[in-house]
Number of protein chains: 2
Amino acid sequence: MSLRAALLALIEVAGPSSGYDLTKRFEGSLAHVWQASHSQIYPELNRMAADGLLKVEEEGPRGRKTYAITAAGQAELYQWLTEVKTEQRVRDEASLRAFLLPLLPGQKAIELLTERARAAETKKAELEALRLRVGESSFGGFALERGLRHMTAERDWALWAIDRLQKSEEARTETVRTPTGEPE
Amino acid sequence: MSLRAALLALIEVAGPSSGYDLTKRFEGSLAHVWQASHSQIYPELNRMAADGLLKVEEEGPRGRKTYAITAAGQAELYQWLTEVKTEQRVRDEASLRAFLLPLLPGQKAIELLTERARAAETKKAELEALRLRVGESSFGGFALERGLRHMTAERDWALWAIDRLQKSEEARTETVRTPTGEPE
DNA sequence: TGAGACATGTAATCAGTTACATGATTAT
DNA sequence: ATAATCATGTAACTGATTACATGTCTCA
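Residue numbers run consecutively from 1 along every chain, following the written order of its sequence. Labels follow written order: the first chain is A, the first ligand is 1, and so on. Given that this is a predicted model, residues contribute local features only at a pLDDT of at least 70 and side-chain atom pairs are listed and counted only at 80 or more, while totals for whole chains, interfaces and linings are drawn from all residues. Side-chain calculation: all heavy atoms of the structure are included, whereas hydrogens and water are not.

(A) Focus on the protein's contact with DNA strand C. Proximity is defined per residue: any heavy atom of the residue falling within 4 Å of a molecule or strand makes that residue near it. Among the 18 residues in the neighbourhood of DNA strand C, the closest are listed as S39 and Q40 of chain A together with Y20, H38 and Y42 of chain B. When atoms of DNA strand C within 4 Å of the protein are split into backbone and base, the sugar-phosphate part holds 69%. Whenever two N or O atoms come within 3.5 Å, that pair is a polar contact, provided that in protein one can donate a hydrogen and the other can accept it, and provided that, for residues adjacent in sequence, both atoms are side-chain atoms. Contacts to DNA strand C include Q40 of chain A, whose side-chain N or O atom sits 2.5 Å from a phosphate oxygen. In the environment of DNA strand C, a base oxygen lies 2.8 Å from a nitrogen or oxygen atom belonging to the side chain of H38 of chain B. Only DSSP runs of H or I with at least four residues qualify as helices, and only runs of E with at least two residues qualify as strands; both kinds are numbered from the N terminus onward. Elements supplying a minimum of two residues to the surface near DNA strand C: helix 3 (38-50) of chain A together with helix 2 (19-25) and helix 3 (38-50) of chain B. The element that contributes the greatest number of residues to the surface near DNA strand C is helix 3 of chain B, accounting for 4 residues. Each residue is assigned to one class: nonpolar for Ala, Val, Leu, Ile, Met, Phe, Trp, Tyr, Cys and Pro, charged for Asp, Glu, Lys and Arg, and polar for all the others, Gly among them. Here the surface near DNA strand C is built from residues that sort into 4 nonpolar, 9 polar and 5 charged.

Structural data, given as structure tokens:
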């Protein structure tokens, strides 16, 4: 139902739109939080019109169809926005990789974590640049701030994990160097 | 492919296991990072055996089948663990809700954010309790620390957003009280 | 003998991806 | 004329959920 909510919200905010318009909208700043391709959007718009949440307001050149939100659509959107999600399913590949990290040799794990810290830093810079471009209090501002905070947490976690692994690597190397703890 | 990796990893760590064993394993601490039900696990195990990543090591009572990891399975697991994921698709309902928050009246948004701060705090407490139970350096330790940091970021973001909304609500109320800014 | 845990499966459905397919309009 | 952009769709497939379906073993 998230795709429906996103489509309803986009039309609510920007007014009547075609599938083509909406597809492009999903490639803008919204892409940081949700993605959808035209092959998913077009059938969904048809279903939503069939369900009375949207209506075809206008048919333009090249078969262009402009969808407007109906009262039922607005009700559905408000309903979705205000429902409280208890117990969501967790299926996060990044978390799974963190969970399974101990299966790798220390050096390899450190390499991967370094890359991850770098990626989080890059994403963070990207969001900061976006904020400069669109301003402090633009429409997606709350999500932007949230992304920044989570990227900071991700980077700091990766650095913490690297530090931890490095300490245990040192201890291990130490042990290897003087296996019995006794000089000759 | 994440499910495959998780199954291979569980068998790698705990030794030969049945679908039933693995299903229960997904209900333990792993449930914080990935979920899978028996109806997904059983067919996947069969496919993995057909692909040579696992082999049926033993058939027990009640039709129990114990799967062991093969050399090909270990190679596949290592491959998955070390591949660097560039550009992952984003589809995060919590982020979408944050993005669309400005569509709600301020008071309603504050309510939802309060609930979200509370939920993050609860999850954080849950993870802290888990850490006390399983110890600082247990197998899922890296993921646990990561979860804690992200839940902290989530709670802090929600509190920040509430504060921001409260300030603009106050400003709005102020305006309503003395609409022209002039006393009579 | 009956409850509860053990144990494995399939079918229908939903959300999403990738690839295929078609054609109209506009600007150079 | 032709390339770019506008514009909409469908089909095959993958991963996941929910519901249905079946049967065994153990212990009180």
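Next, the rest of the story.
(B) Highlighting helix 3 of chain B. Residues and elements named next belong to chain B. For helix 3, built from 13 residues, the straight-helix expectation of 18 Å at 1.5 Å per residue is met to within 8% by its first-to-last C-alpha distance of 18 Å. To sort residues, take the accessible area from a 1.4 Å probe on protein chains only and compare it with the maximum for the residue type: under 20% means buried, over 50% means exposed, and anything in between is partly exposed. For helix 3, every residue scored as buried is listed here: I41, E44, L45 and M48. Relative to the axis of helix 3, the buried residues are bounded by an arc of 110° and lie together on one face. The inward-facing, buried residues of helix 3 contact helix 1 (2-14), helix 2, strand 1 (54-59) and strand 2 (65-69). After helix 3 finishes, the residue G52 shows a positive phi value of roughly 85°. Helix span is expected to be 1.5 Å times the residue number reduced by one. The reported arc concerns the directions from the helix axis to the C-beta atoms and nothing else. Whether two residues touch is decided by their heavy atoms; if any such pair falls within 4.5 Å, the residues are in contact.

(C) Spatial organisation of the packing of aromatic side chains. Two aromatic rings, drawn from Phe, Tyr or Trp (for Trp, its six-membered ring), form a pair once their centres lie within 6.5 Å of each other, and the interplanar angle then sorts them: stacked below 30 degrees, edge-to-face above 60, tilted otherwise. Using the criterion set out here, one finds 4 aromatic pairs over all chains in the structure. On the numbers, 5.8 Å between centres and 70° between planes, the contact of F139 of chain A with F99 of chain B is edge-to-face. Highlighted residues: F139 of chain A in the loop between helix 6 (106-134) and helix 7 (141-177) and F99 of chain B in helix 5 (residues 93-100), drawn from two different chains. Taking relative accessible area as the criterion, F99 of chain B reaches 9% and is therefore assigned buried. With centroids separated by 6.2 Å and ring planes inclined at 70°, the aromatic side chains of W160 of chain A and F142 of chain B adopt a geometry described as edge-to-face. A residue pair is termed interchain when its members come from two chains, as with W160 of chain A in helix 7 and F142 of chain B in helix 7 (residues 141-177). Residue F142 of chain B is classed as buried on the basis of its relative accessible area of 9%. Two conditions define a charge located above a ring, namely a distance within 6 Å from the ring centre to NZ of Lys or CZ of Arg, and an angle within 35 degrees of the ring normal. The aromatic ring of W157 of chain B is capped on one face by R146 of chain A, whose charged end is 5.7 Å from the ring centroid.

(D) Structural context of the domain arrangement of chain A. Residues and elements named next belong to chain A. How far each domain reaches was decided by an automatic or database domain assignment. Parsing chain A into structural domains produces domain 1 (2-82) and domain 2 (93-177). A separation of 35 Å is found between the C-alpha centroids of domain 1 and domain 2. At the interface, 4 residues of domain 1 touch 6 residues of domain 2. What makes a salt bridge here is a side-chain nitrogen of Lys or Arg within 4 Å of a carboxyl oxygen of Asp or Glu, nothing more. Summed over the shared surface of domain 1 and domain 2, the number is 0 salt bridges.

(E) How the structure looks around the UniProt feature "domain: Transcription regulator PadR C-terminal" (unreviewed entry) in chain A. UniProt positions are given in the numbering used here, feature names are shortened, and annotations may be inferred rather than shown by experiment. UniProt tags residues 90-165 of chain A as "domain: Transcription regulator PadR C-terminal" (unreviewed entry). With 82% helix and 0% strand, residues 90-165 of chain A has end C-alpha atoms that lie 27 Å from one another.

(F) Summary view of the interface of chain A and chain B. With 62 residues of chain A in contact, the opposing surface of chain B contributes 62 residues. In total, about 6200 Å² of surface goes out of reach between chain A and chain B, with carbon and sulfur atoms giving 68% of it. The quantity reported as buried area is the accessible area (1.4 Å probe) lost by two parts once they are put together, taken as the sum for both. It is F99, F142 and R146 of chain A that lose the most area in chain A upon contact with chain B, and together they represent 14% of the buried surface on that side. Along the contact surface separating chain A from chain B lie 8 salt bridges. Put simply, R97 of chain B and E83 of chain A hold a salt bridge, and the shortest N to O gap is 3.2 Å. Where chain A touches chain B, the interface holds 21 residue pairs in polar contact (both at pLDDT 80 or more). When residues of the side of chain A that touches chain B are traced back to their parent elements, those giving at least two are helix 1 (2-14), helix 4 (71-82), helix 5 (93-100), helix 6 and helix 7 of chain A. The leading source of residues in the side of chain A that touches chain B is helix 7 of chain A, at 14 residues.

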